[in-house]
Amino acid sequence: MALERVDFGGLLPGRGKAKVVEQKRQGEHAVTVRINKRRMASIAAAADVVRHIPAEGEAFHGLMTGYYDLMHLLIALLARLASPCLHLRISTLCLSARNVQELATLLDTDAVRTASLLVSGFFRRQEKEIFAELLLEMNTRNAPIGAAPCHAKIITLHLEDGRKFTLEGSANLRTNRSIEQFTLIHHAGLHDHYAAWIDDMVGKHRITDMSQASTASPGDPGDEDDGAEETGEEASE
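The following refers to the structure shown. (Residues numbered from 1 in each chain as written. Predicted model: local features only at pLDDT ≥ 70, side-chain atom pairs only at ≥ 80, totals over all residues. Heavy atoms only, no water.)

## Some details on helix H2 (residues 70–81)
Okay, so step 1: Compared with an ideal rise of 1.5 Å per residue, which puts 12 residues at 16 Å, H2 spans 16 Å between its outermost C-alpha atoms and is within 8% of the ideal.
Okay, so step 2: Burial of H2 is extensive: 10 of the 12 residues sit out of reach of the surface.
Okay, so step 3: The opening residue of H2 is Asp-69, an N-cap whose side-chain oxygen sits 3.1 Å from the backbone nitrogen of Met-71.
Okay, so step 4: One or two steps after H2, the chain reaches Ala-82, where phi turns positive at roughly 55 degrees. (Helix = DSSP H or I, 4+ residues; strand = E, 2+ residues; numbered from the N terminus. Expected span 1.5 Å × (residues − 1). Buried < 20%, exposed > 50% of the residue type's maximum accessible area, 1.4 Å probe, protein only. Polar contact = N/O pair within 3.5 Å; in protein donor to acceptor, adjacent residues only side chain to side chain.)

## Thoughts on the pattern of salt bridges
Side-chain pairing between opposite charges can occur once the charged atoms of the two side chains come close.
Okay, so step 1: As enumerated under the stated definition, the model contains 9 salt bridges in all.
Okay, so step 2: Where Arg-89 meets Asp-199, a salt bridge forms, and the shortest distance between an N and an O atom there is 2.8 Å. Of this pair, Arg-89 sits in strand E2 (residues 85–91) while Asp-199 sits in helix H6 (residues 188–204); the two residues are 110 residues apart in sequence, bridging distant segments of the chain.
Okay, so step 3: Take Asp-199: its relative accessible area is 32%, and that puts it in the partly exposed class. (Salt bridge = Lys/Arg side-chain N within 4 Å of Asp/Glu carboxyl O.)

## Focus: the side chain of Thr-92
Okay, so step 1: Take Thr-92: it is sitting in the loop between E2 and helix H3 (97–108).
Okay, so step 2: A polar contact is formed between the side chain of Thr-92 and the side chain of Asn-172, at a distance of 3.4 Å.
Okay, so step 3: Every residue in contact with Thr-92, bar those within four places of it in the chain, is listed here: Leu-117, Leu-118, Val-119, Ser-120, Ala-152, Asn-172 and Leu-173. (Contact = heavy atoms within 4.5 Å.)

## Comments concerning H3
Okay, so step 1: With 12 residues, H3 extends 17 Å from end C-alpha to end C-alpha; this agrees with the ideal 16 Å at 1.5 Å per step.
Okay, so step 2: Burial within H3 is extensive, with 11 of its 12 residues counted as buried.
Okay, so step 3: Residues of H3 that are buried include every one of Ala-97, Arg-98, Asn-99, Val-100, Gln-101, Glu-102, Leu-103, Ala-104, Thr-105, Leu-106 and Leu-107, and no others.

## Some words on the nonpolar core
Okay, so step 1: By size, the foremost hydrophobic cluster in this structure holds 49 residues, and its most contacted members are Leu-88, Leu-95, Leu-103, Leu-134, Ile-155 and Leu-157.
Okay, so step 2: Counting residues per element, this core draws most heavily on H2, which supplies 9 residues.
Okay, so step 3: Apart from residues no more than four positions distant in its own chain, Leu-157 is found in contact with Leu-74, Leu-77, Leu-78, Leu-81, Cys-85, His-87, Leu-88, Arg-163, Lys-164, Phe-165 and His-191.
Okay, so step 4: In terms of nonpolar packing, the next biggest core, distinct from the first, is built from 6 residues, Ala-148, Cys-150, Ile-198 and Val-202 among them. (Core = buried A, V, L, I, M, F, W, Y, C linked by side-chain atoms within 4.5 Å.)

## Points about the packing of H3 against helix H5 (residues 128–140)
When two helices pack together, their arrangement is given by the angle between the helix axes and the distance between those axes.
Okay, so step 1: Interhelical geometry of H3 versus H5 gives an angle of 5 degrees and a closest axis separation of 9 Å. With respect to each other, H3 and H5 are oriented roughly parallel. On the side of H3, the interface is formed by Ala-97, Val-100, Gln-101, Leu-103, Ala-104 and Leu-107, while H5 contributes Ile-130, Glu-133, Leu-134, Glu-137 and Met-138.
Okay, so step 2: Residues belonging to the contact of H3 with H5 are distributed by class as follows: 8 nonpolar, 1 polar and 2 charged. (Axes fitted to C-alpha atoms, helices over the stretch in contact; angles between N-to-C directions. Parallel < 35°, antiparallel > 145°, perpendicular 65-115°, else oblique. Nonpolar A, V, L, I, M, F, W, Y, C, P; charged D, E, K, R; others polar.)

## Structural notes on the sheet that holds strand E1 (residues 59–64)
Adjacent strands of a sheet form backbone hydrogen bonds with each other and so pair up, either parallel or antiparallel.
Okay, so step 1: Spatial strand order, E1-E7-E6-E5-E2-E3-E4: 7 strands in an open sheet with mixed pairing. On the outer flanks of this sheet lie E1 and strand E4 (145–148), each paired with one strand and no other. With strand direction ignored, the average angle separating the axes of adjacent strands in the sheet is 15 degrees.
Okay, so step 2: Of the pairings in the sheet, the one linking strand E5 (residues 154–159) to strand E6 (residues 164–169) comprises 5 bridges and is antiparallel in character. Bridging from a neighbouring strand, His-158 pairs with Lys-164 of E6.
Okay, so step 3: Strands strand E3 (115–120) and E4 of the sheet are contacted by H5, whose axis makes an angle of about 150 degrees with E4. (Pairing = 2+ DSSP bridges.)

## Description of the pairing of strand E7 (residues 180–186)
Okay, so step 1: Judged by how many residues are buried, E7 sits mostly within the fold: 6 of 7 residues are covered.
Okay, so step 2: Where E1 lies against E7, 6 bridges are found, and the strand directions are antiparallel. Across the sheet, residue Ala-59 finds its bridge partner in E7, namely Ile-185.

Spelled out as structure tokens, the structure:
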């Protein structure tokens, strides 16, 4: 089924509105509506978790119930922070096709001005269709992608108002219906540390087209099992 571009309904702090892609096959609209309603309910649940934003030097610890994914949490957090993100950096083992469209929407609405993404080599090889879509969408928006033997789940946010946050924990961007933990840290030094690391990894393992994606990038042989225990996550949702 063709995916509909996600519309966050004015939830985010950027300028502009996401353009919705029309469904091409008759009868798919009802399915899409049900999916979108469920996603918005999940975002609302995630927003309830991030009601408290830590002050500078503080950290907030939380648990995710498994009914929403880390991308939901990120969308809810951006709305709560109420300032566009100048640079969003993400390290995740994997993500879903829906997450790809959500990332594109964040960039298209100026909620996020630029993004960098680090994924695992396992995801690159096992989810070729999603990875191809990710490359297409992010290349169009000048958002670099790297694929490496990496299991770290880290997100850094540098906001337009000067604040810097790090979001880290056990969850990948996409859902696996499991309970996960996260920590949101408001600390410029920690942000800069992880941001520099993600930039370095993306630079070393950058992929710009699918011909590169079909082979191991330099320095990542032996990552065949770097995500094997998490293959039960939902790739398309």
